[in-house]
Amino acid sequence: MNPDHVQIEASWKEALREEFSKPYFDSIVSHLKSEKSKAKRIYPPGPLIFNAFNLTPYDQVKVIIIGQDPYHNIGQAMGLCFSVPKNVRTPASLKNIYKELADDVNMSIPNHGDLTQWAEQGIFLLNAMLTVEHNQPGSHKNIGWQTFTDAVISQLSEHKQNLVFMLWGNFAKSKKTLIDETKHYVLEAAHPSPLARNAFMGCKHFSKCNEILRKIGKEEINWQV
């Protein structure tokens, strides 16, 4: 695909130009077009597929949180991992993230699940798969997105320094092989899902992240949303 036809923020377009030109990326685009032609509902909506990239330009990334799949119910997915629009009920995993934030950094628990303010501060909220079919979790895990997002993680690891990667759960932890730990900081914890039986609680990743940012002379994150 001609990279200039990809609707994505300019610094990301430049950084990922080679990926957009590869045959696998054409396959992703073809698959999505084919699914839509069959009237299948794909989330998030087209303009939000690269929302994480558009809200957190390549030059501004400080922290990376890796999710797996977009939410697969109507109105939930907004192109940022763990985040939902303000008029949508806060999902269970995000509720646990909020509980840990309240305990760790005294954040007051918000009445919404929109994490846009995190993205605007340099937190790259990346799902490994950027699309999903309605009510079909994992339905797009084999269409090429992981090749793309693995390349994104590798690009960040190789060309930047002193990034903070937050890896929650086994799937996110599997991406550690893409990260050069001699140049970056990796924080690992259980997944915030209730299925992990509260193992996420007490990880204190949010205060640890700000401690790292302070140490390397970067502005700390205001976690309140």
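It should be emphasised that the depicted structure is a prediction, and the values quoted were computed from it without experimental measurement.

Rules and cut-offs
- Residues numbered from 1 in each chain as written.
- Predicted model: local features only at pLDDT ≥ 70, side-chain atom pairs only at ≥ 80, totals over all residues.
- Heavy atoms only, no water.
- Axes fitted to C-alpha atoms, helices over the stretch in contact; angles between N-to-C directions.
- Helix = DSSP H or I, 4+ residues; strand = E, 2+ residues; numbered from the N terminus.
- Parallel < 35°, antiparallel > 145°, perpendicular 65-115°, else oblique.
- Left-handed = near helix turned anticlockwise from the far one by under 90°.
- Contact = heavy atoms within 4.5 Å.
- Buried < 20%, exposed > 50% of the residue type's maximum accessible area, 1.4 Å probe, protein only.
- Pairing = 2+ DSSP bridges.
- Core = buried A, V, L, I, M, F, W, Y, C linked by side-chain atoms within 4.5 Å.
- Nonpolar A, V, L, I, M, F, W, Y, C, P; charged D, E, K, R; others polar.
- Disulfide = S-S within 2.5 Å.
- Phe/Tyr/Trp six-rings, centres within 6.5 Å; stacked < 30°, edge-to-face > 60°.
- Lys NZ or Arg CZ within 6 Å of the ring centre and 35° of its normal.

This part covers the packing of helix H3 (residues 23-37) against helix H7 (residues 145-159). Close contact between H3 and H7 brings their axes to 9 Å; oriented N to C, the two are set at 130 degrees. Accordingly, the angle class assigned to the pair H3 and H7 is oblique. The crossing of H3 and H7 is left-handed. Across the interface between the two elements, Tyr24, Phe25, Ile28 and Leu32 from H3 touch Trp145, Thr147 and Phe148 from H7.

In this section: the environment of Ile212. Topologically, Ile212 is positioned in helix H9 (residues 205-215). Once the C-alpha coordinates of Ile212 and Lys62 are considered, the two residues, 150 residues apart in sequence, prove to be 11 Å apart.

This brings us to the pairing of strand S3 (residues 123-127). In terms of burial, S3 is a largely internal element, five of the five residues being buried. By the alternation rule, side chains of S3 split into Ile123, Leu125 and Asn127 and Phe124 and Leu126, which are all buried.

Turning to the sheet that holds strand S6 (residues 185-189), a few remarks are in order. Here four strands make up an open sheet; going across it, the order is S3-S2-S5-S6 and the pairing parallel. Edge strands, defined here as strands with exactly one partner in the open sheet, are S3 and S6. Recorded for the sheet is a direction-independent mean angle of 20 degrees between the axes of neighbouring strands. With five bridges connecting them, strand S2 (residues 63-67) and S3 associate as parallel partners. Bridged to Val63 within S3 is Ile123.

The biggest cluster of nonpolar side chains holds 69 residues, and the ones touching the most others in it are Phe50, Phe53, Trp118, Trp145 and Phe148. With residues near it in sequence (within four places) discarded, Trp118 still touches Ile65, Ile97, Leu101, Ile123, Leu125, Phe206, Asn222, Trp223 and Val225.

In this section: the pairing of S2. With five of five residues buried, S2 lies mostly within the body of the structure. Strand direction decides the pairing type here: S2 and strand S5 (residues 164-168), joined by three bridges, are parallel. Residue Ile64 lies in a different strand from S5, and its bridge partner there is Phe165.

Right, let's talk about the side chain of Ser157 for a bit. Mapped onto the secondary structure, Ser157 falls in helix H7. Residue Ser157 is classed as buried on the basis of its relative accessible area, which comes to 3%. Ignoring any residue separated from it by four or fewer positions in sequence, one finds Ser157 in contact with Leu178, Ile179, Asp180, Lys183 and His184.

Turning to the packing of helix H5 (residues 92-105) against H9, a few remarks are in order. Relative to each other, H5 and H9 sit at 60 degrees, their axes nearing to 8 Å. In terms of orientation, H5 and H9 fall into the oblique class. Residues Ile97, Glu100, Leu101, Asp104 and Val105 of H5 pack against His205, Phe206 and Ser207 of H9. Looking at the contact of H5 with H9, its residues break down into four nonpolar, two polar and two charged.

Two cysteines whose sulfur atoms are joined by a covalent bond form what is called a disulfide. Applying the stated rule across the entire model yields zero disulfides. With no disulfide of its own, Cys203 has Cys209 as its nearest cysteine by sulfur position, at a separation of 11 Å. Taking the relative accessible area as the measure of exposure, Cys209 reaches 0% and is therefore buried.

In this section: the packing of aromatic side chains. By the definition in use, this model includes 21 aromatic pairs. Between Trp12 and Phe124, the ring centres sit 4.9 Å apart and the planes meet at 25 degrees, which makes this aromatic pair stacked. Taken together, the positions of Trp12 in helix H1 (residues 10-15) and Phe124 in strand S3 put the pair 112 residues apart, joining distant regions of the chain. Overall, Phe124 belongs to the buried group, its relative accessible area being 0%. Summarising the aromatic geometry, the rings of Trp168 and Phe206 are spaced 6.0 Å apart at their centres and angled 70 degrees between planes, so their arrangement reads as edge-to-face. In this pair, Trp168 is assigned in strand S5 and Phe206 in helix H9, connecting sequence segments 38 residues apart. Relative accessible area serves as the criterion here: at 0%, Phe206 is assigned to the buried category. By the ring-pair criterion, three or more aromatic residues cluster together here, those being Trp12, Phe20, Tyr24, Phe25, Phe50, Phe53, Tyr58, Phe124, Trp145 and Phe148. In this structure, Lys160 is placed above the aromatic ring of Tyr58, and the distance from its NZ or CZ to the ring centre is 4.4 Å.

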